[in-house]
Each structure stands twice: as C-alpha cells, then as structure tokens.
Amino acid sequence: MKIKEVRELETKDLAEKISEEVAKYNQMKLNHSIAPLENPSEIKAKRRDIARMKTELRQRELNK
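The structure reproduced in this document is the subject of the present report. (Residues numbered from 1 in each chain as written. Predicted model: local features only at pLDDT ≥ 70, side-chain atom pairs only at ≥ 80, totals over all residues. Heavy atoms only, no water.)

Considerations on the overall build of the protein chain
Next up, step 1: Per the secondary structure count, the protein chain includes 3 helices and 0 strands.
Next up, step 2: Counting from the amino terminus, helix and strand elements in the protein chain follow one another as α-α-α.
Next up, step 3: With respect to the three principal axes, the spread of C-alpha positions in the protein chain is 45 × 15 × 15 Å.
Next up, step 4: Put simply, 64% of the contacts in the protein chain that link residues at least 6 apart link residues at least 24 apart.
Next up, step 5: Carbon and sulfur atoms make up 50% of the accessible area of the protein chain, which amounts to about 5,000 Å² in all. (Helix = DSSP H or I, 4+ residues; strand = E, 2+ residues; numbered from the N terminus. Contact = heavy atoms within 4.5 Å. Areas by Shrake-Rupley, 256 points an atom, 1.4 Å probe, with all protein chains shown as cover.)

Details of a negative patch on the surface
Next up, step 1: Judged by side-chain charge, Glu-10, Asp-13, Glu-16 and Glu-20 come together as a negatively charged surface patch.
Next up, step 2: Mapped onto the elements of the fold, Glu-10 is located in the loop between α1 (3-8) and α2 (11-34). (Patch = residues over 30% accessible without salt bridge, like charges linked within 9 Å, V, L, I, M, F, W, Y side chains within 5 Å. Salt bridge = Lys/Arg side-chain N within 4 Å of Asp/Glu carboxyl O. Lys, Arg positive; Asp, Glu negative; His and termini not counted. Charge placed at Lys NZ, Arg CZ, Asp CG, Glu CD.)

Remarks on the environment of Pro-36
Next up, step 1: Mapped onto the secondary structure, Pro-36 falls in the loop between α2 and α3 (41-63).
Next up, step 2: Taking the C-alpha atoms as reference points, Pro-36 and Ile-50, separated by 14 residues in sequence, lie 22 Å from one another.

Thoughts on α2
Next up, step 1: In this model α2 runs 35 Å from its N-terminal to its C-terminal C-alpha over 24 residues, within 8% of the 34 Å that 1.5 Å per residue would give.
Next up, step 2: Against α1 and α3 lie the buried residues of α2. (Expected span 1.5 Å × (residues − 1).)

Some details on the nonpolar core
Next up, step 1: Counting 9 residues, the largest nonpolar core is built from Val-6, Leu-14, Ile-18, Tyr-25, Met-28, Ile-43, Ile-50, Met-53 and Leu-57.
Next up, step 2: Every residue in contact with Met-28, bar those within four places of it in the chain, is listed here: Leu-37, Glu-42, Ile-43 and Lys-46. (Core = buried A, V, L, I, M, F, W, Y, C linked by side-chain atoms within 4.5 Å. Buried < 20%, exposed > 50% of the residue type's maximum accessible area, 1.4 Å probe, protein only.)

Spelled out as structure tokens, the structure:
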C-alpha cells in the first residue's frame, strides 16, 4: 500500500485497516514458522505497510 493510498483513507477507516493488517501480519508470521512462505519478503512488506499507516494516523492525531 502506497502512502498516497493511506492518506486518502478516512481516520476511522485507517484505524480499522491497521487492525486488519496487523491480524494478517501475525497470521503470516505464524504460517511462515510452520511452513515457509513462497516469498518471505511479503512479511517485511506487510510490516512496513503497517508502519506507514500508523505513522499517518499519528500525524493526524498531532495535527488536531
């Protein structure tokens, strides 16, 4: 998910998206520990997407 896409989301939607992505990330990590993923770099990409979303959410909180 690009930063442009993150900025287009409403604050409420962004918070929901973060929780969904964190759940997916945790599931990916669990699945990877049991049987290796085809592309383990997806874990890193998911983690960075979550960080982008959390950063944008925090910036919105500080700008209020």
